[in-house]
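Observations on chain architecture
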Amino acid sequence: MKSPKPVKSHIIKQNKTMAKLNFGGTEENVVTRDEFPLSKAQEVLKDEVVAVIGYGVQGPGQALNQKDNGINVIVGQRKGTKTWDKAVSDGFVPGETLFEIEEALEKGTVICYLLSDAAQIALWPTVKKHLTPGKALYFSHGFGITFNEQTGIVPPADVDVFLVAPKGSGTSLRRMFLQGRGLNSSYAIFQDATGKAFERVISLGIAVGSGYLFETNFKKEVFSDLTGERGTLMGCIQGIFAAQYDVLRANGHSPSEAFNETVEELTQSLMPLVAENGMDWMYANCSTTAQRGALDWWKKFRDATKPVFEELYKSVATGKESQRSIDLNSQPDYREKLDAELKELRESEIWQAGKTVRSLRPENQVVEA
Ligand SMILES: NC(=O)C1=CN([C@@H]2O[C@H](COP(=O)(O)OP(=O)(O)OC[C@H]3O[C@@H](n4cnc5c(N)ncnc54)[C@H](O)[C@@H]3O)[C@@H](O)[C@H]2O)C=CC1
Ligand SMILES: CC(=O)[C@](C)(O)C(=O)O
Ligand SMILES: [Mg+2]
Ligand SMILES: [Mg+2]
């Protein structure tokens, strides 16, 4: 079965800055490099100094992509930290393109606020001091602004405030950029003080390496993002992996059989087919026996998990999730505690079995000379 070539027949309208596309019956605005080429982004940003504050996961991806795209980008990071050293080894030069946070805040005309969401609270008074009229405050999440009663982040009225939220890890943002591809991002404008917020935010979105940008607002971005990462993208998927693996093991299946039928086949064989051309196409490339069973069972799983997703969404919308994240991630030893929980996951039987399974992939095998 051949996968179809990408077609432009979904486009309903296209003008110089945007295209309107049909997403399963709903029309939405998107911006791609077709409407907004990199040369235009470079022109819009030519007099700006983009200060990327924080060099954790998104910081490196966004700063390096902008640098490679010819944008005037500097990094603000605490000296003497591991991430300062990482910025140096990534090619940022102390005193030229790498500064202490306050110095970068002073120099930047666009402030990309890429500290962890909890850390943004502590640094906010410092950031605010440097937000002089006409500057832009850029986020990659709607968190700080939407939950401002919890974060205290209330920007002055005379700066632009917007977001570009890459829909994936900063690691993928960089990898896909280097492959000549782009990661999808959403964008939103919270405050347009200069009248130029739109061209600024889209230019930054293209410059950080987005494939296409879709429109949202701060609240929708953070509600959907928190739901997604707690749900199918990260939390739920580990939950259903663990449930199926446990049932197979309890019924006498070996770890390698249980892992292969739960994780390895999904990530290596079936999900790439879903990514390429949708669920029905993946089904159509499996046996009729498998198709019969999957079609019979998927609705039962939907119905069993939907109440959990409803509970999750409510927990996000009432601010319970953001509060928990702020409380726990503001503790001085939050890193050690997270690491301990990750260690528990890593040392669980399923992921230990996975380690051995992965070592058997051809690309991981050491070839003896
Ligand atoms: N991790 C990701 O790939 C994604 C992150 N985002 C958003 O991007 C933003 C940045 O997230 P990450 O890159 O994950 O952040 P992170 O958790 O990796 O932290 C970024 C930086 O914050 C610094 N930092 C931590 N506490 C600090 C403090 N008290 N003072 C000064 N610096 C401090 C760290 O040194 C690090 O360089 C967040 O709003 C997040 O929600 C959005 C999409 C994906
Ligand atoms: C990678 C991403 O988009 C997440 C999962 O929402 C996040 O890291 O916060
Ligand atoms: Mg996300
Ligand atoms: Mg997130």
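Residues numbered from 1 in each chain as written. Chains lettered and ligands numbered in written order. Predicted model: local features only at pLDDT ≥ 70, side-chain atom pairs only at ≥ 80, totals over all residues. Heavy atoms only, no water.

**Observations concerning the UniProt feature "binding site: substrate" (unreviewed entry) in the protein**
- Residues given the UniProt feature "binding site: substrate" (unreviewed entry) here are Ser287.
- Inspection of the secondary structure puts Ser287 in the loop between helix H13 (279–284) and helix H14 (288–317). (UniProt positions renumbered as here; feature names shortened; annotations may be inferred. Helix = DSSP H or I, 4+ residues; strand = E, 2+ residues; numbered from the N terminus.)

**Section: the domain arrangement of the protein**
- Here the protein is described as being made up of domain 1 (36–215) and domain 2 (229–364).
- Centre-to-centre, using C-alpha coordinates, domain 1 lies 31 Å away from domain 2.
- Every contact between the two is made by six residues of domain 1 and, on the other side, eight residues of domain 2.
- Inspection of the region where domain 1 meets domain 2 yields zero salt bridges. (Domains from an automatic or database assignment. Contact = heavy atoms within 4.5 Å. Salt bridge = Lys/Arg side-chain N within 4 Å of Asp/Glu carboxyl O.)

**Observations concerning the coordination of the magnesium ion (ligand 4)**
- The protein atoms that coordinate the magnesium ion (ligand 4) are Asp225 (OD) and Glu229 (OE), at distances spanning 2.0 to 2.1 Å.
- The metal-metal distance between the magnesium ion (ligand 4) and the magnesium ion (ligand 3) comes to 3.5 Å, with Asp225 coordinating both. Of the two residues, Asp225 and Glu229 are both situated in helix H10 (residues 218–230); the distance of four residues between them amounts to about one turn of the helix.
- The class of Glu229 is partly exposed, set by a relative accessible area of 27%. (Donors = N, O, S within 2.8 Å, 3.2 Å for Na, K, Ca; no water. Buried < 20%, exposed > 50% of the residue type's maximum accessible area, 1.4 Å probe, protein only.)

**Section: the UniProt feature "binding site: Mg(2+) 2" (unreviewed entry) in the protein**
- Following the UniProt record, the feature "binding site: Mg(2+) 2" (unreviewed entry) maps to Asp225, Glu261 and Glu265 here. Taken along the chain, the residues just named run across 41 residues; in space they spread out, the farthest C-alpha pair reaching 28.7 Å.
- Those residues in contact with Asp225 that sit more than four places away from it in its chain are His141 and Lys167.
- On the secondary structure map, Glu261 appears in helix H12 (residues 255–277).
- Those residues within four positions of Glu261 in sequence are excluded, and the remaining contacts are Gln244 and Leu248.

**Here we look at the site of ligand 1**
- Residues in close proximity to ligand 1 total 21 residues, the closest being Tyr55, Gln58, Asp117, His141 and Gly170.
- Here an oxygen atom of ligand 1 sits 2.9 Å away from a polar atom, N or O, in the main chain of Tyr55.
- Gln120 is positioned with one of its side-chain polar atoms (N or O) 3.4 Å from an oxygen atom of ligand 1.
- In isolation ligand 1 exposes 830 Å². Once the protein is present, 79% of that is buried.
- Residues of the shell around ligand 1, tallied by class, amount to seven nonpolar, 12 polar and two charged. (Near = heavy atom within 4 Å. Polar contact = N/O pair within 3.5 Å; in protein donor to acceptor, adjacent residues only side chain to side chain. Areas by Shrake-Rupley, 256 points an atom, 1.4 Å probe, with all protein chains shown as cover. Nonpolar A, V, L, I, M, F, W, Y, C, P; charged D, E, K, R; others polar.)

**Considering helix H2 (residues 58–68)**
- Burial runs high along H2: nine of the 11 residues are buried.
- Note on H2: the residue one or two positions beyond its end, Gly70, has a positive phi of about 80°.

**Observations regarding the environment of Val30**
- By the secondary structure assignment, Val30 is in strand S3 (residues 26–32).
- Using a relative accessible area of 3% as the deciding quantity, one classes Val30 as buried.
- Along the chain, Val30 and Leu137 lie 107 residues apart, while their C-alpha atoms are 22 Å from each other.
- Not counting the four nearest positions on each side in its chain, Val30 is found in contact with Met18, Ala19, Leu21, Phe23, Glu35, Tyr212, Leu213 and Phe214.

**Observations concerning the pattern of salt bridges**
- Under the criterion given, the structure shown has 16 salt bridges.
- A salt bridge links Arg200 to Asp160; its shortest N-O distance comes to 2.8 Å. Linking Arg200 in helix H9 (residues 197–207) with Asp160 in strand S9 (residues 160–166), this pair joins segments that are 40 residues apart in sequence. Taken as a pair, Arg200 and Asp160 share a single burial class, namely buried.
- Across the pair Lys337 and Asp333 runs a salt bridge, and its minimum N-O distance is 3.4 Å.
- Classification of Lys337 as partly exposed rests on a relative accessible area of 44%.
- Exposure remark for Asp333: the relative accessible area of 30% places this residue in the partly exposed category.
- Three or more residues are tied together by salt bridges with common partners; here these are Glu48, Asp160 and Arg200.

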